[in-house]
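# An overview of the molecular structure
Here is what each chain is made of, one letter per residue.
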Amino acid sequence: MLTLDALTLRQGEFTLRADWTLERGRRLAIVGPSGAGKSTLLNAIAGFLEPERGRILWQERDLGDQPPGRRPVAMLFQDGNLFPHLSVAQNVGLGLHPNLRLTRADRETVDRALERVGLAGLAKRRPAALSGGQQSRAALARVLVLRRPLLLLDEPFSALGPALRREMLALVREVTGETGATLLMVTHDPVDAERIADRISVVAGGRADTPAPVAELFENPTPDLRRYLGL
Amino acid sequence: MIPGSVAAIVVAALILGPLAAVLFRAGGAGWPSPADWAAVRFTLLQAALSALLSALFALPVARALARRRFPGRSAMILLMGAPFILPVIVAIAGLLTIFGRNGLVNTALGWWGLPPIDVFGLHGVLLAHVFFNLPLAVRLLLEGWRAIPAERFRTAAQLDMPPGAVFRLVEGPMLRERLPGILTVIFAICLSSFAVVLILGGGPAATTIELAIYQAFNFDFDLGKAAVLSALQIAIVTVAAILALRLAGTGMAAAGLDRPVQRWDGGAGLRLWDAAVMAVAALFVATPILLVALTGADSLRDLPSTVWSAAGVSVLVALASAALSVGLGLLLALPRRALFETIGLMTLAASPLVLGTGLFLLIRPFAFPGDHVLAMTAVVNAVMALPFVLRSLSPDIRGAEAAHGRLADSLSMAGWSRFRWLVLPRLRRPLGFAAGLAAALSMGDLGVIALFPSPDTATLPLEIYRLLGAYRMEAAAGASLLLTGLSFGIFALFDRVGRHADA
């Protein structure tokens with residue numbers, strides 16, 4: 001269970017409050033106007049931003065003193081998810097050992113992950129030699145080998161076309177289903193949210209709302225959500 | 001962080017240790033003599049005049065380069081970078097074949113029955129300093145022109161401003177902002193000039209502090225006097241270096257100068273003037289280099305064996321110096337801490353002869369310094385190259401961290417893993433460039449080694465200096481060509497390795 005306990009985040013003048021829990025294995029869509037603090041929330045959970053007040057807990061354990069790499073969190077950013085100077089296999093292998101000293105078994109794990117996301121045979125390529133969709137798949141392969149129970153997506157597929165983006169999200173859904181990971185994804189598209197997520201949290205007016213079941217919320221939108229959707 | 005701290009302490013000790021030794025020794029050595037003050041005055045005079053003349057002649061050249069596009073423009077800009085790694089002694093040998101006693105100019109004057117000119121003295125020193133610093137000033141000014149927003153030239157063209165008005169209203173403000181920095185940088189560089197003054201200056205009327213230190217060492221072996229002079233040099237150079245860093249600020253890297261500023265002004269007359277200005281500048285810079293190559297080519301085959309062994313020594317010293325400089329530079333730059341980088345830039349306030357004097361004083365109680373000349377040369381050269389190494393590594397380390405640091409954090413990449421898989425792959429190019437630069441600068445250096453010459457261990461620049469002193473001009477030209485080839489070759493080699501490593 002992910003717990004945001006009386007959390008206050010501050011970046012300059014901007015503040016964001018959240019005080020709720022999310023059960024393990026849920027898929028949460030985070031929606032809201034730009035600049036409302038969706039990425040800020042993910043960055044705090046991933047450990048890139050220190051809370052001003054309150055705590056972030058996973059399975060009752062405070063994450064406050066853990067650096068980003070030690071948290072039970074895998075995060076995909078809007079861009080820059082792959083090191084351009086390393087091959088696809090190396091980029092994935094970093095998820096197993098940050099020093100890239102890989103055993104034979106490790107290399108097999110990497111190969112299996114690449115196969116799972118449909119990149120078998122492209123292991124030796126550099127990211128620049130891949131299409132946008134293939135780059136996303138490579139980043140997902142690393143998420144697979146990282147085996148972290150929390151997956152945060154900060155719109156990593158926003159540069160892809162609608163069809164390709166849905167394909168990626170479907171793959172994410174499959175992968176989280178297999179690993180039992182808890183998903184938090186920022187999105188601008190209510191359709192994406194409905195398709196992938198089972199919970200939704202609206203971030204607006206300096207507050208991240210308690211996650212609510214998707215269908216319920218769309219049937220009975222809050223004023224903030226109405227304003228965001230333009231209803 | 002810990003290796004960085006160690007490196008910072010080592011570099012600080014390498015600079016402050018010798019300086020402290022010098023100041024301590026100077027303390028009991030009495031007040032500077034009238035001759036010492038004369039050296040101070042000449043040092044300041046020649047540096048000021050060198051800076052003024054270099055900037056004055058650079059102005060029309062940079063202006064012409066900024067507003068013209070022509071084939072060979074990038075070659076011209078490349079040529080303006082050449083004197084930076086051209087060994088000083090080679091440039092002097094080249095200038096002597098033109099302006100020397102039996103040089104081209106005097107030969108021509110002899111045909112017309114005119115009296116010969118004498119290149120030795122203040123004007124000779126200025127000539128050599130302009131040769132080195134005019135190209136530097138051109139590159140720095142060109143950067144200034146590139147920084148002027150294109151819209152301003154467009155507006156000027158639309159208003160049909162005459163060239164004079166463009167200069168006053170558009171280019172003037174940039175020059176007022178940049179010229180003080182450029183002048184102080186050249187002034188600071190010329191304060192520590194040694195080899196030029198050693199060969200073209202000399203005599204009571206044309207002696208700089210650096211040369212006086214050398215003379216105190218070599219002719220009088222008066223350590224107290226050398227220490228007093230070193231203390232004077234430290235004071236002057238520190239003030240100048242602080243001024244230069246303050247006023248010049250950024251720049252010096254001069255990246256991407258190839259793109260000309262788009263201009264709409266100027267008729268045929270102006271175009272002719274620009275062409276003439278650039279031709280003269282190109283001739284002035286290229287001719288000495290070409291002459292060395294031409295006269296040296298003949299004697300390259302039967303060079304004395306001492307030249308070849310000196311070349312071997314120089315290569316080894318250059319490689320050791322480059323390794324040390326790049327190693328220290330990396331350790332200082334990796335933690336991305338302003339304090340560490342400032343310590344690395346501190347060497348701007350030191351001069352090779354002062355460092356050499358200080359090291360001599362430090363080593364003497366324990367060992368005979370003459371036995372460690374090459375090691376001292378390599379260390380001093382490495383320290384002197386450190387500011388350039390830092391300036392080329394630092395931006396890319398910061399860039400790699402800015403672009404990929406978060407991803408590396410999220411993957412727990414720290415320490416060696418982070419260096420090996422994040423920083424190093426993004427750093428190959430500047431590493432190659434920095435190593436090449438450090439090696440080439442060491443290769444061409446005639447500084448510390450001249451303080452403690454010993455018959456059996458000479459570097460190639462020192463060997464050329466000896467050949468010049470013995471009026472063996474052909475052998476000197478051959479050795480100069482060899483040295484030029486080695487300097488540019490070693491730079492190009494490292495630079496190429498860096499460029500192609502990540503392909």
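Residues numbered from 1 in each chain as written. Chains lettered and ligands numbered in written order. Predicted model: local features only at pLDDT ≥ 70, side-chain atom pairs only at ≥ 80, totals over all residues. Heavy atoms only, no water.

Heads up, the condition is: UniProt positions are given in the numbering used here, feature names are shortened, and annotations may be inferred rather than shown by experiment.
For chain B, an unreviewed UniProt entry supplies the name Thiamin ABC transporter membrane component and the organism Pseudooceanicola batsensis. Quoted verbatim from the Subcellular location (unreviewed entry) heading of the UniProt record, the comment on chain B is "Cell membrane".

### Notes on the overall build of chain B
Convention followed: Helix and strand assignments follow DSSP, with helices taken as H or I runs no shorter than four residues and strands as E runs no shorter than two, numbered in order from the N terminus. The globule rule used for comparison is 2.2 Å times the number of residues to the exponent 0.38, while the radius of gyration itself is calculated over C-alpha atoms. To sort residues, take the accessible area from a 1.4 Å probe on protein chains only and compare it with the maximum for the residue type: under 20% means buried, over 50% means exposed, and anything in between is partly exposed. Contacts between residues were defined by any pair of non-hydrogen atoms, one from each residue, lying within 4.5 Å. Here, Shrake-Rupley sampling with a 1.4 Å probe gives the accessible areas, and only protein chains in the shown set may cover a residue. Charge counting follows a simple rule: Lys and Arg are positive, Asp and Glu are negative, and His as well as the terminal groups are ignored. Charged groups are reduced to one reference atom each: NZ for lysine, CZ for arginine, CG for aspartic acid, CD for glutamic acid.
For chain B, the count of helices and strands is 20 helices and 0 strands. Whereas a compact globule of 503 residues would reach a radius of gyration of roughly 23 Å, chain B reaches 23 Å, a difference of no more than 12%. Counting only C-alpha atoms and orienting by the principal axes, one finds that chain B spans roughly 80 × 70 × 50 Å. Looking at chain B as a whole, 54% of its 503 residues qualify as buried. Within chain B, residue pairs in contact and separated by at least 24 positions form 83% of the contacts whose partners lie at least 6 positions apart. When the accessible area of chain B is evaluated, it comes to approximately 21800 Å², of which 68% is carbon and sulfur surface. Each charge sign in chain B was given a centre, from 36 positive and 26 negative side chains, and these centres are 9 Å apart.

### Examining the packing of helix α4 (residues 88-99) of chain B against helix α5 (residues 104-111) of chain B
Helix-helix packing is characterised by the crossing angle of the two axes and by the distance between the axes. All names here are of chain B. Where we set the bar: For helices, the axis comes from a line fit to the C-alpha atoms of the stretch in contact; other axes are also lines fit to C-alpha atoms, and the angle between any two N-to-C directions lies between 0 and 180 degrees. Oblique is the label for any angle not covered by the other classes, which are roughly parallel (under 35 degrees), roughly antiparallel (over 145) and roughly perpendicular (65 to 115).
Relative to each other, α4 and α5 sit at 0°, their axes nearing to 3 Å. The angle between the axes of α4 and α5 places the two elements in the roughly parallel class. Each of Thr97, Ile98 and Phe99 in α4 lies in contact with α5, whose residues at this interface are Leu104, Val105 and Asn106.

### Some words on the packing of aromatic side chains
Operational definition: Aromatic pairs are defined between Phe, Tyr and Trp rings, using the six-membered ring for Trp, whenever the two ring centres lie within 6.5 Å; interplanar angles under 30 degrees are classed as stacked, those over 60 as edge-to-face, and all others as tilted. Counted as over-ring charges are cases with an Arg CZ or a Lys NZ within 6 Å of the ring centre that also lie within 35 degrees of the ring normal.
The full count for this structure, using the stated rule, is 9 aromatic pairs over all chains. When the ring of Phe217 of chain B is compared with that of Phe360 of chain B, the centres are 5.0 Å apart and the planes differ by 85°; the resulting orientation is edge-to-face. Separated by 143 residues along the polypeptide, Phe217 of chain B in helix α10 (residues 209-220) and Phe360 of chain B in helix α15 (residues 352-363) bring together distant segments of the chain. Phe360 of chain B gets classed as buried once you look at its relative accessible area, which sits at 7%. On the numbers, 5.7 Å between centres and 80° between planes, the contact of Phe433 of chain B with Phe491 of chain B is edge-to-face. Placement of the pair is Phe433 of chain B in helix α17 (residues 415-443) and Phe491 of chain B in helix α20 (residues 473-501), with a sequence separation of 58 residues. Among the aromatic residues, ring-to-ring pairing joins Phe131, Phe132 and Phe284 of chain B into one connected group. Over the ring of Phe48 of chain A we find Arg406 of chain B, and its NZ or CZ is 5.6 Å from the ring centre. When the ring centre of Trp421 of chain B is taken as origin, the NZ or CZ atom of Arg420 of chain B, which lies over that ring, is 4.1 Å away.

### With respect to the pairing of strand β6 (residues 73-76) of chain A
Residues and elements named next belong to chain A. Under the convention used in this document: Paired strands, in this sense, are two strands between which DSSP finds at least two bridges.
Across the two faces of β6 the burial is the same, with Val73 and Met75 and Ala74 and Leu76 all buried. When β6 meets strand β7 (residues 150-154), the two strands line up parallel, connected through 4 bridges. When the bridges of β7 are listed, Met75 appears paired with Leu152.

### With respect to the interface of chain A and chain B
Often, the extent of an interface is quoted as the loss of accessible area upon association of its parts. Note the threshold: The quantity reported as buried area is the accessible area (1.4 Å probe) lost by two parts once they are put together, taken as the sum for both. One speaks of a salt bridge when a side-chain nitrogen belonging to Lys or Arg is within 4 Å of a carboxyl oxygen belonging to Asp or Glu. Here a polar contact is taken to be a pair of N or O atoms separated by no more than 3.5 Å, where protein atoms must pair a possible hydrogen donor with a possible acceptor and residues adjacent in sequence count only if both atoms sit in side chains. Each residue is assigned to one of three groups, with Ala, Val, Leu, Ile, Met, Phe, Trp, Tyr, Cys and Pro labelled nonpolar, Asp, Glu, Lys and Arg labelled charged, and all others, Gly among them, labelled polar.
Across the contact, 24 residues belong to chain A and 16 residues belong to chain B. For the pair chain A and chain B, the summed buried area comes to about 1800 Å², and 63% of that belongs to carbon and sulfur atoms. Of all residues in chain A, the largest losses of buried area upon contact with chain B belong to Phe83, His85 and Pro98 of chain A, amounting jointly to 31% of the total for that side. Taken together, the connections running from chain A to chain B amount to 0 salt bridges. At the junction of chain A and chain B, the tally comes to 9 residue pairs in polar contact (both at pLDDT 80 or more). Of the residues belonging to the side of chain A that touches chain B, the class tally is 11 nonpolar, 8 polar and 5 charged.

### Some details on the pattern of salt bridges
Scanning the model with the defined rule gives 24 salt bridges over all chains in all. Here the salt bridges share partners, and the residues they tie into one network are Arg165, Arg166, Asp189 and Asp192 of chain A.

### Details of the packing of helix α6 (residues 122-146) of chain B against helix α8 (residues 163-191) of chain B
Residues and elements named next belong to chain B. Stated formally: Left-handed describes a crossing whose near helix is turned anticlockwise from the far helix by less than a right angle; the clockwise case is right-handed.
The contact between α6 and α8 brings their axes to 10 Å, and the two run at 150°. Classified by the angle between their axes, α6 and α8 sit roughly antiparallel to one another. The two elements α6 and α8 cross, and the hand of that crossing is right-handed. In this structure, α6 uses His129, Asn133, Leu136, Ala137, Leu140, Leu141, Glu143, Gly144 and Trp145 to contact α8, whose residues at the interface are Glu171, Met174, Leu175, Arg178, Leu179, Ile182, Val185, Ile186, Ile189 and Cys190.

### Concerning a nonpolar patch on the surface
Cut-off, in case you're wondering: What goes into a patch is any residue over 30% in relative accessible area without a salt bridge, connected to like charges within 9 Å or, for nonpolar side chains (Val, Leu, Ile, Met, Phe, Trp, Tyr), within 5 Å.
A contiguous nonpolar surface patch, about 270 Å² in accessible area, is contributed by Ile2, Val6 and Val10 of chain B. Of note, Val10 of chain B is situated in helix α1 (residues 2-27).

### Examining the confidence of the model for chain B
Residues and elements named next belong to chain B. Rule in force here: Confidence scores here are pLDDT values: one per residue, from the predictor, ranging 0 to 100.
A residue-level look at chain B finds 95% of positions with pLDDT of 70 or above and a mean pLDDT of 85. Between the elements of chain B, mean pLDDT differs from a low of 76, seen in helix α7 (residues 150-158), to a high of 94, seen in helix α13 (residues 305-333). The low-confidence segment residues 250-258 (pLDDT under 50) makes 19 contacts with residues lying over four places distant or belonging to another chain. For this predicted complex, the interface confidence reaches an ipTM of 0.80, while the overall pTM sits at 0.80.

### Remarks on the nonpolar core
Let me state the cut-off plainly: Definition used in this section: a nonpolar core is a set of buried Ala, Val, Leu, Ile, Met, Phe, Trp, Tyr and Cys residues joined via side-chain atoms within 4.5 Å.
In this structure, Leu41 and Leu184 of chain A together with Trp145 of chain B are the most contacted members of the largest nonpolar core, which totals 227 residues. Take this core: its biggest share by element is 14 residues, from α17 of chain B. Each residue touching Leu184 of chain A, except ones within four places of it in the same chain, is listed here: Leu2, Leu22, Leu28, Ile30, Leu42, Ile45, Leu150, Leu151, Leu152 and Leu153 of chain A. Ala193, Ile200, Val202 and Leu217 of chain A belong to the second-largest nonpolar core, a separate cluster that totals 11 residues.

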